[in-house]
Amino acid sequence: MKRIKGKPHYFRTIVNGKAYEYYIRKVNIEGQPYTITAKSKADFDIKLQEKTESIKSGASELSERNISFKDVAKDYLEDSQHESSGTYIRRKQYLDNYLLPNFKNRKIRDINHNDVRKLYFDTLDEKKSITLVQQIHKVLNTLFDFCVENNIAIIENPIGKGIIKSVRKRAKREEIEEALNKVEEKVTKEDILNILEAVKGTRQEIIYHLQILSGLRISEALAMTFENIDMENNLVNVTKQVVATSKTKTKGTRFESNSFYNIAPLKTKSSIRVVPLMPQTKALVIKLKELLGRSTGLLFETLNKSVCGSDNWNKRHHKPLMERLGISIKTHTLRKFFGSYHIENGTAIQDVKNWLGHSELATTLKHYSDVIKRVSNNKYLMADFDI
């Protein structure tokens, strides 16, 4: 679309060899910028009047039109208590660290797309993290949606479509999109067998089974209970995770707890899943029931009989084990080995996706693209993990 010389605000575009003219102007209504596209100046005047009446009519029904960002943030966080504890803490974290320092005393109705765009690009330049910008965007976007849904100060979200796409383009251009281009650490079958042999007979063994043979995230493995192991049908029901709950950030909320680590529902619907129970793991669960003298509750607890968090697990169990074995493998890589092993041995990619809890097949294809190239036609049952 190009400007037409001598005709202010008129633009011409050609579609399938046919020329079309449009009258396009940016206007300001009730303190908010809008772009109106019309066929002519006369058509523009009609649309401007209709838009103004619509905005003013909606604006007259709004409550607290002069409310500040910090006051909305309080209401937004209070409403967030209906979400999971992890969502509440995440929202509070990004509000406290990034959004309130920028918009604290600004009126909600005065914050526009350009203000948000500047925040995102400034954060990208300073922190060099597209992932951080995306997380900030999730919180700010839902805060504005909260205002619209509750008729607070604004009638539409000021964040324009495509803003994150433009940030991502810049991040890629500057080659700082590390979160999307991580170099995965390599792990061999020999490494895995050494780990399983080293933990054999210990109370930590069940967690390594769940990660290596069932593909659970460490937070999911640490939240696994006897009740979620279906011994009759040989299935592992993955429904919960261990989350770190800040005592200071949740004080006075429904999430307030004396414990730092708590059991919470999984974050997404796709994460709730059923995974095959391997014979080796089933035998270990039977031994655990006899050893612990119970068939309910967590499969693994701390020595104080409390929930073990992922940080605690890494510090007290996983890292010391890696040092003893002389290898450096993160807990998430154990889960990655599960996916890789399945794909290399011919398990259907859709099954792998479901067992890993990926919401989209594209996620599995992206993270296992190198493995897929090497895939064989052999059928799988992890039988060679005779432990």
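Residues numbered from 1 in each chain as written. Predicted model: local features only at pLDDT ≥ 70, side-chain atom pairs only at ≥ 80, totals over all residues. Heavy atoms only, no water.

Draft legend 1. Quick look at the confidence of the model for the chain. When pLDDT is averaged along the chain, the result is 87; 89% of the residues meet or exceed 70. Every residue in residues 376–381 scores below 50 in pLDDT, and together they form twelve contacts with partners more than four places removed in sequence or on other chains. (pLDDT = per-residue confidence, 0-100. Contact = heavy atoms within 4.5 Å.)

Draft legend 2. Structural view of a negative patch on the surface. A surface patch of negative charge is lined by Glu64, Asp75, Glu78, Asp79, Glu83 and Glu149. Per element, the largest residue contribution to the negative patch is three residues, and it comes from helix H2 (residues 69–79). Mapped onto the elements, Glu78 comes out in helix H2. Residue class for Glu78 comes out exposed when judged on its relative accessible area of 54%. (Patch = residues over 30% accessible without salt bridge, like charges linked within 9 Å, V, L, I, M, F, W, Y side chains within 5 Å. Areas by Shrake-Rupley, 256 points an atom, 1.4 Å probe, with all protein chains shown as cover. Salt bridge = Lys/Arg side-chain N within 4 Å of Asp/Glu carboxyl O. Lys, Arg positive; Asp, Glu negative; His and termini not counted. Charge placed at Lys NZ, Arg CZ, Asp CG, Glu CD. Helix = DSSP H or I, 4+ residues; strand = E, 2+ residues; numbered from the N terminus. Buried < 20%, exposed > 50% of the residue type's maximum accessible area, 1.4 Å probe, protein only.)

Draft legend 3. Spatial organisation of unusual backbone geometry. Despite not being glycine, Asn151 has its phi angle at roughly 55 degrees, a positive value. For Asn151, the location among the structural elements is in the loop between helix H5 (130–149) and helix H6 (163–173). Of note in the backbone geometry, Lys305 takes a positive phi value of approximately 65 degrees without being a glycine. Assessed through its relative accessible area of 61%, Lys305 is described here as exposed.

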